[in-house]
Each structure stands twice: as C-alpha cells, then as structure tokens.
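Chain by chain, the residues:
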Amino acid sequence: MTSHKTTQTMKPATAAKKLGVYLQATPTEFQEGVVTRSELNALQADPPAWLQELRRNGPHPRPVVAAKLGVSIAGLARGGITDPLTTEQIDALKKDMPEWLQRERATQAEVRKEAARIKEKQAKEAAQGS
C-alpha cells in the first residue's frame, strides 16, 4: 500500500487573506484559479509586481486597514468604514484624525493594556504555583 501525496490547494480568497491583499483587486487569473501551498510560498518569498503594488498602495482588506489605523475591525465598522481603503485614504484618515478614530484608538490601547495585565497576572500565578 503506497500513499500518494496530494498537493494542498486553497481557494483564491484564502490565499488573498494569507497574502494580506483584497481579492477583488488581484489579477483575474489569481481570482479564478486555485493556489497551491508551493505557489503561495513562492508569492510570499518573491512577490510579483502586482502583489507588491497591492501591498504598497491597496486597496487593502479590512484587517489590514484596521492594523494600519491601530483599531479593531469592529472599530472600523463603528466608524462607518466598511469598504477597502487605499494607502492614500488611510494616510488621509490618520492626518485628519476624526473623532471616531481617536476614540477607537483609545479603546484599542485600553484593550491591549488589559490583555497585558491579564497575561502578567497569569504568569505570576503560574510562577507561584510551581
């Protein structure tokens, strides 16, 4: 009995998510094909011009927009941002710093501070328990 090694493939949406790009902005052949694990690794290791351009200028998917703005994805939605944004649009938001963005950044900072406090508390408890 021999085992056949199958090539692991993924849908274009999954590959785009792993690459951190907005699927609808990728080339048609990328959107309509399947991506193997080795193709994904090759795209990450040596990104073609279209991928470099998307990563640099967008449009960016919501997780990337949220990270660049320093807020959560839910915070984007609360701020009324539901569509992908370009790097230029993100930079404009950072420059203008609307009230919702200031509020969401403060909320995100509190969340990170609380997560660090909990992690530190758990580490102390684990050290005392040993």
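Residues numbered from 1 in each chain as written. Predicted model: local features only at pLDDT ≥ 70, side-chain atom pairs only at ≥ 80, totals over all residues. Heavy atoms only, no water.

Chemist: Summarise the layout of surface pockets; cite the residues concerned and give the values.
Modeler: Reported here for the largest pocket is a volume of approximately 210 Å³. Ala13, Ala16, Lys17, Gly20, Val21, Tyr22, Leu23, Gln24, Pro61, Pro63 and Val64 are the residues that line the largest pocket. Counting residues per element, the lining of the largest pocket draws most heavily on helix H1 (residues 12-19), at three residues. When the residues that make up the lining of the largest pocket are grouped by side-chain class, the tally is eight nonpolar, two polar and one charged. (1 Å grid on protein atoms, 1.4 Å probe; cavity = no way out; pocket = protein on both sides within 12 Å on 5 of 7 lines; lining within 4 Å. Points joined across faces, edges and corners; volume = space filled by probe spheres on them. Helix = DSSP H or I, 4+ residues; strand = E, 2+ residues; numbered from the N terminus. Nonpolar A, V, L, I, M, F, W, Y, C, P; charged D, E, K, R; others polar.)

Chemist: Requested: an account of the confidence of the model for the protein chain, with residues and values cited.
Modeler: Residues with a pLDDT of 70 or more make up 95% of the protein chain, whose mean pLDDT is 90. Within the protein chain, no element has a lower average pLDDT than strand E1 (residues 9-10), which sits at 88, and none a higher one than helix H7 (residues 87-96), at 94. (pLDDT = per-residue confidence, 0-100.)

Chemist: Tell me what's going on with H7, and back it up with residues and numbers.
Modeler: Among all positions in H7, only Thr87, Ile90 and Leu93 are buried. Down the axis of H7, the sector holding all buried residues measures 120°, keeping them to one side. Of the residues in H7, the exposed ones pointing more than 90 degrees away from the buried face are Glu88, Lys95 and Asp96. At its buried positions, H7 is contacted by helix H4 (49-57), helix H5 (62-69) and helix H8 (99-129). Immediately downstream of H7, the backbone of Met97 shows phi near 45°, a positive value. (Buried < 20%, exposed > 50% of the residue type's maximum accessible area, 1.4 Å probe, protein only. Arc of directions from axis to C-beta. Contact = heavy atoms within 4.5 Å.)

Chemist: Give a detailed account of unusual backbone geometry, specifying residues and quantitative values.
Modeler: Glycine aside, negative phi is the norm for most residues, and most peptide bonds take the trans geometry. Each neighbour pair has its own omega, and for Gly58 with Pro59 the value is 10°, a cis peptide bond. With respect to the helices and strands, the residue Pro59 is situated in the loop between H4 and H5. Backbone geometry places Met97, a non-glycine residue, at a positive phi of 45°. Locating Met97 in the fold gives a position in the loop between H7 and H8. Taking the relative accessible area as the measure of exposure, Met97 reaches 22% and is therefore partly exposed.

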